[in-house]
Amino acid sequence: MSTISTVKKEVPVDAPRAELESAVVRFAGDSGDGMQLTGGQFTLATALAGNDLATFPDFPAEIRAPAGTTFGVSSFQINFGSHGIKTSGDSFDLLVAMNPAALKVELKGLKQSGIILADTGSFSDRNLRKAGYDGNPLEDGSLDAYRVIALDISQLTLDSVKEHGLSNKEALRCKNLWTLGFIYWMFGRKRKATTDWLETKFAKRPELAAANVAALNAGHAVAETSEILDGFQGFAIPQATISPGQYRAVTGAEAMAWGLTAGCQLAELQMVFCSYPITPASSVLHTLSTMAAFGVTTFQAEDEIAAACAAIGASYAGGMGITSSSGPGVALKGEALGLAISTELPLVVLNSQRAGPSTGMPTKTEQSDLYQSVYGRNADSPVCVLAARSPADCFDVGIEAVRIATKFMTPVIVLTDGYIGNAAEPWLIPDVAEMRKFPVNFEAETEDFHPFKRDPETLARSWAVPGVAGLEHRIGGIEKDYDSGHISYDPANHQKMTDARFAKIKGIADDTPPQKVDNGPEIGKMAIVGWGSSYGPISRAVDNLLAEGLEVSHIHIRNIWPLPKNLGGLLSGFDQVVVPEMNNGQMLTVLRSEYLVDAQGINKVTGQPFTIAELEEGVRARLGG
Amino acid sequence: MNVVAKPEALKPKDYASDQEVRWCPGCGDYAILRAVQKALADIGAKKEKTVFVSGIGCAARFPYYLSTYGFHTIHGRAPSIATGIKITNPELDVWIVSGDGDSLSIGGNHLLHLIRRNVDVQFLLFNNEIYGLTKGQYSPTSRAGTRSPSTPLGSVDKPISPVAFALGAGARFIARGIDSMQKKLPDVFARAHAHKGASFVEIYQNCIVYNDGVFSNFTEKDVVANRQIHLEHGKPMIFGAENQFGLRVADGKLALEVVSIGEDGITEDDIVVHDETDRIMAHMLAEMQGADRPVAIGVLYCDPMASYEEGMQGLQARAEKQAMTHDLNELLRRGHTWTVEDA
Ligand SMILES: Cc1ncc(C[n+]2csc(CCOP(=O)(O)OP(=O)(O)O)c2C)c(N)n1
Ligand code: SF4
Ligand SMILES: [Mg+2]
C-alpha cells in the first residue's frame, strides 16, 4: 500500500500558539505501551506539517523486560523544526511518561522548565516501587522545576472507547493513541494520516480501528478544551525550507539495504547477502530477506566466518558477495577478508559498529572499529573503507561500495553504527532508473588469459567466472606469480604483488571525490574533522559556532581508506585540527601518522552520541588555548 | 545432411593441469587424484562447469592439479565457500576436497551445516588420521594413543568417525573408499556425483611420511578379504577370501555380527541384504572398525531428498510471485511518502 500526502505551504491560522524554532519530544513508556509506534506516527504527522526532523528509537536491551521496571523502558525521540535539524536533539522540551519507570529513566534528559505529560493512572504504589520511588513524584513537589501535566490517561482512554465493546486490556492498549491525540493538539498536528493508517492496520477488526480513532480524537479534544497549563495555547513550529520532491522517512538499515541493492542493479549483478545475526546489524539482513524479487539472495550462515566465506564464494561465482555484521563478527571474518584480498575478489563487508570490546554494550553506539577496518588483519592487507554519516547517506554509500568493489576487485568495508542503523530522517527519494550504471565486464577473452591479468589503469585483476570454456583456472590464498597467476614463492615476486595490492587500493583515491570543507572557511583557525555518524552533531555545532562569529570549519571524511588525496594539503591550511570521535582517538592517530599533523581529539565513549552542546564546549575550550 | 561432429570425449589425462604435482613420493593423494581424473572422464564432466574447492592441507592442494576451475581457500572453510558458489550459480558442478583436520577440526562446523542443508556438492574427505601439511601432529581422527610431535606420550582424546559424523549431520549419501582401490574408487566418485544433494565420501589415504600404515590392519594384502566388505545394493553382505563370511543382525541387538556361512546351519539366506536406503543399517555399518567386523567400503547409504539449492529456488519463485513490485524505484515509494511542493 502506498499513501502519498502533500505538504502544503501554508500559514498556520491558530494564532495564539507560541512559536518555536524547533522542539524535541521524547515518548517513554513500558515496552508494551507502543511508544515506537506512537513516535512513528508523530514523525509522519510532523513531516506532513512541513518540518525538518530526525528521530531516534531507544529500545531496552532485554527482549521482554518485566512490566513497570526501569530496564523495560522503551523510548522514542524526535527533534523537529524549521531549519537544519541534523540530530535527534540533545535535551527534550516535552517528556511523555506513560509510567513511573519512564519518568525515572528519562527525567535527566528534560530541559529546565520542560513539560512532563504523565499518566497518573499508572502511578500506582506498586509501579512507583518498581521504578524505585519512595513517594509519588507527581505529588511530592520534586518536579516543581518543570511544568507537569498529570492526567489519568488510563481512565480517560477507557471512557473514550467504552462504546466500542473492547475488553479492558484491549481498551487500555488505546492509551498511546489518546496520548498521541493530545500531543497532536499541542503541536498543531493533523490527525488524518494516523486515522487512515489505523483504518488500514485494523481493516480486519473495524472495532479496534474505531476505538483507536476515538481515543485519538478524545485526547485531542481534552487538550483543546481544557486549560492544560497556565495560559498555554499550544506550540507552532514554522515550516522548514525543504527542496521540493517526494519524501519518505528512512532508517539507516533500510537505506543501506536499498543502497546495496541499487548498487548491484547498477552493476548488473545478482546480490548474495550472507550474514549471521548480531545486534545492531541484523535489521539489514531482515530488510533484504524480503527483497528476493529484486535480485537479492540472502543466506543466514552458521557463523560469521561462513558468512564471509559464502560471500567470497558468491563473488567467485560471479555474484556480488556481501557480508554484514558488527565488530565482534567482523573480527571473525578477518582471515576470510585476507583471502578476498589475496584472490582480489569483490566483496562488501558491512560493519554496524557497537560499543565494545567483546560483547560490550550491543544496543549502544560507538565508532571504535576504525582501526579494525583499516589495519585489523594479518600481513600487508589493504582494503577500501567507507563510512556513512546519516541514515539517508547509507543509500549512497551502499551504491559506492559496490561500485568500488567491482571496479577495483577488492573488499570494501562499510562502517555504520547502531545509531545510524536505527535512526530515521526524511529522505528525498532518488530515481534509481536515472542513476549512472556501472555494469561489470566479466573476462571473456580466452587468448593469453591468466587470472591475474590486470587492468593497466585500475590495476584490478580480470574477473573470470566459472562456466566459461577456455578460462578454467585455479586461484587461492597462496601468493601468485604476477605474470602467470600460478603459485609463486619467489621473493621478488612477493614484493611486486604486495606493491601491486597496495597501489591498487591507493589508486581508489583517484576515482573518488576530493575532500571538501563541509562548512566554514577553507583555510583558517580550526578544522573540526569528523567521520561517520557524528556528522549530525558536529555539523550543527559548527553551524552554531560560526553564527557566534567563531572561526571554525567542518571537514567530514567519508572515504576512510584510502583517504582523499587532497586531505593532507587541506589540513595544513588550519592552525588547529580537532577530531571529535566516539572512540579513544582512532581517526586521530590515522591523521597524525598519515600527515604528521598535530591534531587533537574530542573523545566520548559512553555508548551515547555526541550532544551538540558538548561539542560546542569542547571546541570552545580548544579555541581558547 | 548436416552432421555435427561429436566433441571428442575427454580422457583422464585431459583433466590434469600443467602444474607439477608436489605431494611426497608414495603419498596416497596421487592415487586419489588419478581416480578422480578417471571418474571425471567416465562421467564426461565439462571442465568449464566443474569447480574444485578446497581448504588447506596436503589434500587441499588438489585443485591445482586439475584442469577444471579451482579455488584453494582457507583452512576448514571450503564448505562455506562452496555453498556461496552453489547459491549463486546452482548449475556449477562443485567438488570439495578436504583433509581430516580441515574438515573435522577447524572446519567441523561448516561441514556439519553443508551436510545438514544438503547443498548439492561432492565432499571428498581424505582421511590419513594425521595433520600432514603441518608435519605430523595428531588429528581428530587419530586413534587414542597416537604419538606425534604434539603428543609425544600418545594422544588422550578419542577419535571421531567421519562417516558417523556425516550420518549424524543428516547426510543423504555416504560412501567410503581407499586410496589403493584404483578399480573401484572412480565408481564410488561417479556414484557420489550422480547423487543430488551433499554426497559425502571418506577415503582412507596413506600418509607415507607421518602415518605410514595406519590402515594396514585392513588394507594389507593378506587381510583385505577378511577385513573389508564391499557393499552392493540389493546383494547379501558376504565377504572373505572364499566368500565364507556374512553379516547378520545379532540376536536381540541393533548391531551386525559376522557369521560363517555353512557353519551352525547358516546359509546365504541368513545374511542381511544391503539396502542403501536404510538409515539404521548405515549406522550399523559405520560402527564396523575392522578388528572384529570388516570395514564397510562402497556406498553405505543413499536416499536422496531435495537439495538446498532447489529449496532456495522454490523460495525465490514464490517470492517473485508474491511480490507487489519488482521495481526498486517503486519499492522506495511504497508506504507513507509525502511530497513537498515548490514554494
Ligand atoms: C587458520 C589456520 N590455522 C592453522 C593452519 C595450519 N594448518 C595447515 S594444514 C593443517 C592441518 C592439515 O591437516 P589435514 O586437514 O588432515 O590435511 P592433510 O595435510 O593431512 O592432508 C593445519 C593445522 C592454517 N593454514 N590456517
Ligand atoms: S605429508 Fe603425508 S599427506 Fe602430505 S603429501 Fe606427504 S605423504 Fe602425503
Ligand atoms: Mg590429514
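Bear in mind the structure is a predicted one, so any value in this text is a computation, not a measurement.

Draft legend 1. Inspection of the overall build of chain B at higher detail. When helices and strands are counted, chain B shows eleven helices and 14 strands. Looking at the 343 residues of chain B, the share that counts as buried comes to 54%. Of the side chains in chain B, 35 bear a positive and 42 a negative charge, and the two mean positions are spaced by 4 Å.

Draft legend 2. How the structure looks around the state of the cysteines. In the structure shown here, the tally under the stated rule is zero disulfides over all chains. Cys309 of chain A takes part in no disulfide bond, and the closest cysteine sulfur to it belongs to Cys274 of chain A, at a distance of 9.9 Å.

Draft legend 3. Up close: the pattern of salt bridges. All names here are of chain A. As enumerated under the stated definition, the model contains 35 salt bridges over all chains in all. The partner of Glu106 in a salt bridge is Arg26, and the shortest N-O contact between them spans 2.9 Å. Here the residue Glu106 occupies a position in helix H2 (residues 100–106), and Arg26 occupies one in strand E3 (residues 22–30), the gap between them amounting to 80 residues. Grouping residues by exposure puts Glu106 and Arg26 together as buried. A salt bridge links Glu268 to Lys437, with the nearest nitrogen and oxygen atoms 3.6 Å apart. Residue Glu268 is found in the loop between helix H9 (252–267) and strand E11 (271–275), and its partner Lys437 is found in the loop between strand E17 (424–428) and strand E18 (474–476); the two are separated by 169 residues along the sequence. Among the residues examined, Glu268 registers a relative accessible area of 49% and is labelled partly exposed.

Draft legend 4. Expanded view of the layout of surface pockets. Within this model, the largest pocket holds a volume of roughly 860 Å³. What lines the largest pocket is a set of 29 residues, among which Gly40, Ala249, Thr251, Glu254 and Ala424 of chain A lie closest to the centre. When contributions to the lining of the largest pocket are tallied by element, the ones reaching two or more residues are helix H1 (35–48), strand E4 (52–58), strand E10 (245–251), H9, helix H10 (282–289) and helix H16 (418–422) of chain A together with strand E14 (335–340) of chain B. No other element matches H1 of chain A, which puts six residues into the lining of the largest pocket.

Draft legend 5. Structural view of the packing of H9 of chain A against H10 of chain A. All names here are of chain A. Between H9 and H10, the least distance of the axes is 8 Å, while the angle of their chain directions is 55°. Overall, the two elements H9 and H10 adopt an arrangement that is oblique. Classified by chirality, the crossing of H10 by H9 is right-handed. Contacts between H9 and H10 involve Ala253, Glu254, Ala257, Trp258 and Thr261 on the former and, on the latter, Ser283, Val284, Thr287 and Leu288. Tallied by class, residues from the contact of H9 with H10 come to five nonpolar, three polar and one charged.

Conventions used here
Residues numbered from 1 in each chain as written. Chains lettered and ligands numbered in written order. Predicted model: local features only at pLDDT ≥ 70, side-chain atom pairs only at ≥ 80, totals over all residues. Heavy atoms only, no water. Helix = DSSP H or I, 4+ residues; strand = E, 2+ residues; numbered from the N terminus. Buried < 20%, exposed > 50% of the residue type's maximum accessible area, 1.4 Å probe, protein only. Lys, Arg positive; Asp, Glu negative; His and termini not counted. Charge placed at Lys NZ, Arg CZ, Asp CG, Glu CD. Disulfide = S-S within 2.5 Å. Salt bridge = Lys/Arg side-chain N within 4 Å of Asp/Glu carboxyl O. 1 Å grid on protein atoms, 1.4 Å probe; cavity = no way out; pocket = protein on both sides within 12 Å on 5 of 7 lines; lining within 4 Å. Points joined across faces, edges and corners; volume = space filled by probe spheres on them. Axes fitted to C-alpha atoms, helices over the stretch in contact; angles between N-to-C directions. Parallel < 35°, antiparallel > 145°, perpendicular 65-115°, else oblique. Left-handed = near helix turned anticlockwise from the far one by under 90°. Contact = heavy atoms within 4.5 Å. Nonpolar A, V, L, I, M, F, W, Y, C, P; charged D, E, K, R; others polar.

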